[in-house]
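So the chains spell out like this:
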Amino acid sequence: MGGTQSPPYYTPLSKPTPNATTATSYLKKPKLYSLAIITILCSLSYLFGVWQHGGATTSSPTSNLGATIPCFSTSQNNTITNTNTQPHSSSSSSSSNVPQLDFASHHSADAGGATTLSPAVKSYPPCDIKYSEYTPCEDQERSLKFDRDRLIYRERHCPEKNELLKCRVPAPYGYKNPFQWPLSRDLAWYANVPHKELTVEKAVQNWIRFEGDRFRFPGGGTMFPNGADAYIDDIGKLINLKDGSIRTAIDTGCGVASWGAYLLSRNILAMSFAPRDTHEAQVQFALERGVPALIGVIASKELPYPSRAFDMAHCSRCLIPWGQYDGTYLIEVDRVLRPGGYWILSGPPIHWKKHWKGWERTMGDLNAEQMQIENVTRSLCWKKLIEKDDISIWQKPANHLKCKKFRTVVRNPPFCPAQNPDQAWYTNLETCLTPLPEVSNKEEVAGGQLEKWPERLTATPPRISTGTVNGVTAESFQQDMQLWKKRVSYYKKVNNQLGQAGRYRNILDMNAFLGGFAANLIDDPLWVMNVVPVEAKVNTLGVIYERGLVGTYQSWCEAMSTYPRTYDLIHADSVFTLYKDRCEMEDIMLEMDRILRPEGSLIIRDDVDILVKVKRIADALNWESQIVDHEDGPLEREKLLFAVKLYWTAPASSSDDQQSKAT
């Protein structure tokens, strides 16, 4: 490791062969004497082979590793900081003579310092500190080259291949592991997100406060000064948030994601998104709090989610011009909203007769904006359920039987022509209504009725039961559930901290398929971002949402729309096989390193030949890593690589020193 020459991985062991010359000389002796000598030599050779192989008949998941590949030695790849960290201790149940990875975190307090790294086979040096919050596809300098109309410049604009960084993005000096959930909902370390702008800009609205070495999130928002909890209670008086019929939600223009944070206690999982804009680091704060979020904007492209994904959509003064551009943005909300799903709007122009002066807008302007929204929602066949105080709620129809009749009178927007409504990666927004699946009567739910949560997680998703997912049946879905139950159990034996509540909060599954990995972690206090690669043979993200989980589309040839240090654990199943000959392995792994927290963990499963290459790059990235056998034993070609990203930060600057003295 780390620059030392090591023998090839998985080299088969062979027994020593007798010396040919000695054997021949013995053949010249009398026949009986020769047979005796040969018998003795064979016996000795057999006993020597048994002794060399250890004579053991049983082993733990990682015990075979020591005999087949060189094990990682923590003394070979140290990270040196100027802090006193806890000594590394074994975190696995494997045999004591095999060095084990330390999955524990050690920098929850008083952490920081510059890092000196040992040399590796290939070096990936630290990036400049200016890249500490680098988001390659939402780079602010690059965005200025694009059209500002409709916020197109805030969309994804990824670097060309020759612009890709070949260095490791540093954590800021003094970085600490986030507070554990649920404490993280209310607190985040200042050192991790050193931005005070929102504490000034949103002080009156109670978004965020700066307190010494940390931020506090009181749960306030522009339209819920009494806190998100009380605001959600007000919504709960208008629609049922308790019976399990609402499980997935989307928050457009989420701020620091307090709405999504407080929905979690009600078993509702919200996908929050906002652009990287003048509200510096709002999505980064959401992720530090342990809330699902992505950088995103509704502009000219469809959102990276399948159709009929969310039970509820929400906008609280999100500043999206819903009535403009022929209702394009509400048409997109309609695409991702489930049949019978709700759209909730608070803030301008709702209740404008009370707030128009405070919003510094004219009554006529606000009235016109509300009429635009009412007209668009009516054209989408939505029903306005209620407008009470500052909250308005509309409901999407359960099917399009009446809506098709309505189209003979109101022709705009027209129904979209036959297309795949789940294809939503760089797909242009259109001003046409996505048709719902056909039904036989007006009471039937288009696409199939979903079970309530938590039964929804294990029930066969309607997309599968209706045969719309190629190659996946109800039987294979049940088999997949059992497979991932076995796999996750095995993972927890190798990395025992995966089973410890609080160690991991934000988890990424880079190739989620049916969401089996996430489903088997549902009882733990964590959430999983389930990614379905756009290059996958079968688009299964709709199935994942029908199970009550969340996720997104992504091509791993590009960077993810998230900040550095987003995830505590990354799971990658056959990712490198999928992207073989599509893009560079090192670029994918550099992106994994960017979005993984210091002391974060990785589980990579793939063909053994691919994993050997992965391990070489992992060593160069200064990950502590180890290859272990498949859960079904050593004869399987598929193996697993368990790794830990070692702790390191950017060096201290003069401003950091002054800040640490002040706190």
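Criteria and thresholds
- Residues numbered from 1 in each chain as written.
- Predicted model: local features only at pLDDT ≥ 70, side-chain atom pairs only at ≥ 80, totals over all residues.
- Heavy atoms only, no water.
- Phe/Tyr/Trp six-rings, centres within 6.5 Å; stacked < 30°, edge-to-face > 60°.
- Helix = DSSP H or I, 4+ residues; strand = E, 2+ residues; numbered from the N terminus.
- Lys NZ or Arg CZ within 6 Å of the ring centre and 35° of its normal.
- pLDDT = per-residue confidence, 0-100.
- Contact = heavy atoms within 4.5 Å.
- Core = buried A, V, L, I, M, F, W, Y, C linked by side-chain atoms within 4.5 Å.
- Buried < 20%, exposed > 50% of the residue type's maximum accessible area, 1.4 Å probe, protein only.
- Pairing = 2+ DSSP bridges.
- Axes fitted to C-alpha atoms, helices over the stretch in contact; angles between N-to-C directions.

Peer 1: Please explain the packing of aromatic side chains as it appears in this structure.
Peer 2: Each aromatic ring pair is described using two quantities: the centre-to-centre distance and the angle formed by the ring planes. Tallied over the entire structure, the rule returns 20 aromatic pairs. Relative to Trp382, the ring of Trp343 has its centre 5.9 Å away and its plane inclined at 55°; by these criteria the two rings are tilted. Linking Trp343 in strand 8 (residues 337-346) with Trp382 in the loop between helix 11 (363-379) and strand 9 (383-388), this pair joins segments that are 39 residues apart in sequence. Three or more aromatic residues joined by ring pairs make a cluster, and in this case those are Phe103, Trp484, Tyr491, Phe517 and Phe642. When the ring centre of Trp648 is taken as origin, the NZ or CZ atom of Arg168, which lies over that ring, is 4.6 Å away. Over the ring of Trp453 we find Arg247, and its NZ or CZ is 3.6 Å from the ring centre.

Peer 1: Please explain the confidence of the model for the chain as it appears in this structure.
Peer 2: Interpretation of the predicted coordinates at a detailed level should be avoided for regions scoring low in pLDDT. Residues at a pLDDT of 70 or more form 80% of the chain, whose mean pLDDT is 85. In this model residues 1-30 is a low-confidence stretch, pLDDT under 50, and it forms 44 contacts with partners more than four residues away in sequence or in other chains. In this model, residues 52-98 is a region of pLDDT below 50 whose contacts with residues beyond four sequence positions or in other chains number 103 contacts.

Peer 1: Got a minute to help me understand the nonpolar core in this structure?
Peer 2: Across soluble globular proteins, nonpolar side chains have a tendency to be buried as a group. Residues Tyr305, Met312, Trp322, Trp343, Leu508, Met589 and Met592 are the most contacted members of the largest nonpolar core, which totals 134 residues. The residues touching Leu508, leaving out its near neighbours within four places in the chain, are Met529, Val531, Trp556, Met560, Tyr567, Leu569, Ile570, His571 and Ile595.

Peer 1: I keep staring at the sheet that holds strand 1 (residues 187-189) and nothing clicks. Help me out?
Peer 2: Hydrogen bonds along the backbone pair up the strands of a sheet, which may run parallel or antiparallel. With antiparallel pairing, three strands are arranged side by side in an open sheet as 1-3-2. Both outer strands of the open sheet, strand 1 and strand 2 (209-211), are each paired with one neighbouring strand and no more. Put simply, the sheet's adjacent strands are angled 30° from each other on average, direction ignored. Bridging between strand 2 and strand 3 (residues 214-216) involves three bridges; their strand directions are antiparallel. Bridge pairing links Glu211 to Arg214 in strand 3.

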